[in-house]
Amino acid sequence: MARGLDHVVVAVRDLDAAANAWAELGFTVTPENRHAWGTANRLVQLDGFFIEILTVADESLIVEASEGEFSFGAFNRDFLKTRQGASMLVAESVDPAQDRADFQRLGLTTYAPFSFERVANFKDGSTGKVGFDLTFLTDPLIPDLAFFTCRNRYPETFWNADFQRHDNGASAIGAIYMMASDPSDHHEFLGGFTGQREMRATSLGLEIQTPRGLISVLNPDAYRHLVGDAAANEVKSNLPQIVAVEVVCDGLEKRKVIPAGDALGITVILTPAV
């Protein structure tokens with residue numbers, strides 16, 4: 001079964017500064033939410049996809065990873081020791097057990113099932129309960145990123161119309177861009193992760209069209225051509241890595257590229273709706 005994109009985790013050191021930077025681009029950003037394992041987030045909700053801006057709020061609550069057990073908090077803590085940016089890519093799930101079976105059948109590295117609930121904070125000061133079932137996996141060829149599928153237990157509470165109205169017209173995920181020295185190295189893992197075996201490979205990169213959003217893996221020259229020098233020059237760390245998120249905006253007349261800078265955490269591409 002093909003899985004659409006669910007969200008991307010963008011790890012930052014200053015959550016409020018990052019949220020303000022996204023708001024200045026015309027996005028509506030949710031109030032802060034806390035996880036029991038020491039991280040905090042603020043979200044940008046689109047139509048069935050969201051950007052999770054995340055930081056470590058209380059390192060003392062982080063539980064270390066162990067054999068067969070993935071630690072969301074520890075992974076993002078360690079990621080932030082070297083850089084800010086997209087640390088995790090997430091696909092939607094309707095059946096976590098089936099996801100896990102599919103990944104194991106393909107020989108992908110999986111971890112123990114993980115489920116949790118948390119309090120969601122809304123604009124009017126009210127709260128609600130949300131919960132998620134996560135299936136983590138990693139790939140030795142992409143050591144600096146983690147991946148998981150996510151089943152939303154209470155979508156009627158999580159998705160909020162107030163949070164999906166954006167001054168810049170943002171409405172949907174267009175694409176997630178990764179940069180890799182050799183994009184073709186990653187077709188097997190990404191195909192298994194998304195359940196999408198059909199993909200387009202060229203000399204410039206690899207494209208996987210999911211039911212919600214495109215994953216595009218580009219070589220450095222192709223990425224520079226796509227976003228320009230200012231954004232491309234900000235990619236400093238080891239490859240492969242997630243380098244940009246493209247958001248479709250209603251009413252936008254011309255494509256815009258906003259380099260990651262010190263606050264955004266990831267290059268943002270605003271593209272007109274077709």
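Described in the following lines is the structure provided in the data block. What you are looking at is a predicted structure, and each value in this text was computed from that prediction instead of being measured.

Conventions used here
- Residues numbered from 1 in each chain as written.
- Predicted model: local features only at pLDDT ≥ 70, side-chain atom pairs only at ≥ 80, totals over all residues.
- Heavy atoms only, no water.
- Helix = DSSP H or I, 4+ residues; strand = E, 2+ residues; numbered from the N terminus.
- Rg over C-alpha atoms; globule rule 2.2 N^0.38 Å.
- Buried < 20%, exposed > 50% of the residue type's maximum accessible area, 1.4 Å probe, protein only.
- Contact = heavy atoms within 4.5 Å.
- Areas by Shrake-Rupley, 256 points an atom, 1.4 Å probe, with all protein chains shown as cover.
- Lys, Arg positive; Asp, Glu negative; His and termini not counted.
- Charge placed at Lys NZ, Arg CZ, Asp CG, Glu CD.
- Arc of directions from axis to C-beta.
- Polar contact = N/O pair within 3.5 Å; in protein donor to acceptor, adjacent residues only side chain to side chain.
- Phe/Tyr/Trp six-rings, centres within 6.5 Å; stacked < 30°, edge-to-face > 60°.

Helix and strand content of the protein chain: seven helices and 16 strands. Computed over C-alpha atoms, the radius of gyration of the protein chain comes to 17 Å, within 12% of the 19 Å expected from 2.2 N^0.38 for 274 residues, which places it in the range of a compact globule. Projected onto its principal axes, the C-alpha positions of the protein chain cover 50 × 45 × 35 Å. Among the 274 residues that make up the protein chain, the fraction classed as buried is 55%. A separation threshold of at least 6 residues defines the contact pool for the protein chain, and within that pool the share at least 24 residues apart is 64%. Carbon and sulfur atoms provide 48% of the accessible area of the protein chain, an area that totals close to 12000 Å². For the protein chain, the distance from the average site of its 23 positive side-chain charges to the average site of its 37 negative ones is 1 Å.

All of the buried residues along helix α3 (residues 96-105) are Pro 96, Asp 99, Asp 102 and Phe 103. For α3, the angular spread of buried residues about the axis comes to 120°, placing them on one side. For α3, the exposed residues lying more than 90 degrees away from the buried face are Ala 97 and Arg 105. On the buried face of α3, the contacting elements are β6 (109-110), β8 (127-138), β9 (146-152) and α5 (187-194). Between the side-chain oxygen at the start of α3 and the backbone nitrogen of Ala 97 there is a gap of 3.2 Å, and the oxygen is on Asp 95. Looking one or two places after α3, you find Gly 107, whose phi comes out positive at around 80°.

For the rest of this paragraph, the subject is the packing of aromatic side chains. Taken as a whole and assessed by the stated rule, the structure comprises 20 aromatic pairs. Aromatic pair Trp 37 and Phe 116: ring centres 4.8 Å apart, planes at 85°, arrangement edge-to-face. Of this pair, Trp 37 sits in the loop between β2 (33-34) and β3 (39-45) while Phe 116 sits in strand β7 (residues 114-121), and the two are 79 residues apart along the sequence. With relative accessibility at 13%, the residue Trp 37 sits in the buried group. A residue is classified by how much of its surface remains accessible, and Phe 116, at 13% relative accessible area, is buried.

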